Every structure is written in structure tokens, then in C-alpha cells.
Amino acid sequence: MSSKGIASFEDLAVDPVELIEITGVVKWFDVAKGFGFIIPDNGMQDVLLHVTCLRRDGFQTILEGTRIVALIQKRDRGYQAFRILSMDQSTAVHPSQLPPIRTHVQVTPTSGLERALVKWFNRTKGFGFLTRGEGTEDIFIHMETLRRFGLTELRPGQVVLVRYGDGDKGLMAAEVHPDGPSIVSRAH
């Protein structure tokens, strides 16, 4: 029963989305990048968790270690979360509580907590540089260091508190905090 210019019911039908319900744990999630991954309990490959999925279900971010129940779907590049059914953050770990990362961006601090100015930071490249002023050596800062201390990005001209140490190619940030009252309240 199709008349000119009006699609029939069959024409409107689309392939149903095949969804699989999984339980798992959040491997990592980066708010700045807008995605992360879930490790399913059933042993299947990691599942992409995009920020749009989180927001659609009423969440802004999710911490590593959070238990999650989700509906996932097969996409061109693997599985992706489609809906968040529930999450339990009792097993979540704040990035600053994670064990030291075993990558080239980890350094043992040799300085106290000092103020530094963000010279530049490129979130896409995942790193930037801090300066303590004219005539001082720049301090390299990696995105992983930001993530460990709960920050998503730095802006040129922003003042931060940093502990740093000697890296393979010069000074590297080991710890970073916003410069402001929040650091004082953490210390008490």
C-alpha cells in the first residue's frame, strides 16, 4: 500500500542493531581524548567506550577500575559500548592512586613542589613544556602525568605546581597540580 512519494513500511525498516550485554571493568578512560576501554569479564577483546555513550546515559566521566554493565555492538574496528546499564565505582581508582606507570614518562622527583608556567601543551601530541622562568631549564610534561593527577589539559600561561626530576633528555614532571586552594585542602 504505497502511494507516490510515500515509503512503504518495508522501505523504512533498517537492519536491527545486534547488542550484546557484558559486564567488565574500565581499563582506562581519558576525558580529554573522549574515550577509553572496558575489559569484559568473559575474556573477549577490549570494548571501546566513547564519551558520547557515557553522556547519553547521564555520566560525564568514569574512573579506571569501575565495574560496568553495558550493551555493546560490533563495529568495523571492534566492539563499542552502546548503552551503559549500570556502574559500580566502589572498585574505581582515582588516577593519582594508581601505581607508578612503567613507561618512559615516569621519573623520580628530585625537587620540591614548585610553581611553573605552562609554556605550551599539545593534547593531541600528548605532551608539553613548563618553565620556572628566564634562564631555567624547561620541564617536559607528558599527558600520562596529567592523567595520573586528575587533570585533562594545560593551557599556555597557566600556573601549576610541579615536582620534577631528571629524565633521559632533561627535566621531566613527576607530579602536577593546579595552583590554587585545592592543593591546600588536599594537604590537610
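Presented here is a report on the structure given in the accompanying data block. (Residues numbered from 1 in each chain as written. Predicted model: local features only at pLDDT ≥ 70, side-chain atom pairs only at ≥ 80, totals over all residues. Heavy atoms only, no water.)

1. Brief notes about the pairing of strand β2 (residues 35-40)
Burial along β2 is one-sided: the face carrying G36, I38 and P40 is buried and the face carrying F35, F37 and I39 is not. Connecting the antiparallel pair strand β1 (residues 19-30) and β2 is a turn made up of 4 residues, with G34 showing a positive phi of about 85°. The hairpin formed by β2 and strand β3 (residues 47-50) contains 6 residues between the paired strands, and G43 there has a positive phi angle of roughly 90°. (Buried < 20%, exposed > 50% of the residue type's maximum accessible area, 1.4 Å probe, protein only. Helix = DSSP H or I, 4+ residues; strand = E, 2+ residues; numbered from the N terminus. Pairing = 2+ DSSP bridges.)

2. Quick look at the pattern of salt bridges
Inspection of the entire model under this criterion finds 8 salt bridges. If you follow the salt bridges from partner to partner, you end up with D30, E144 and R147 in one network. (Salt bridge = Lys/Arg side-chain N within 4 Å of Asp/Glu carboxyl O.)

3. With respect to the side chain of H177
As for its position among the elements, H177 is in strand β10 (residues 170-178). In terms of polar contacts, H177 uses its side chain to reach the side chain of E175, at 2.7 Å. (Polar contact = N/O pair within 3.5 Å; in protein donor to acceptor, adjacent residues only side chain to side chain.)

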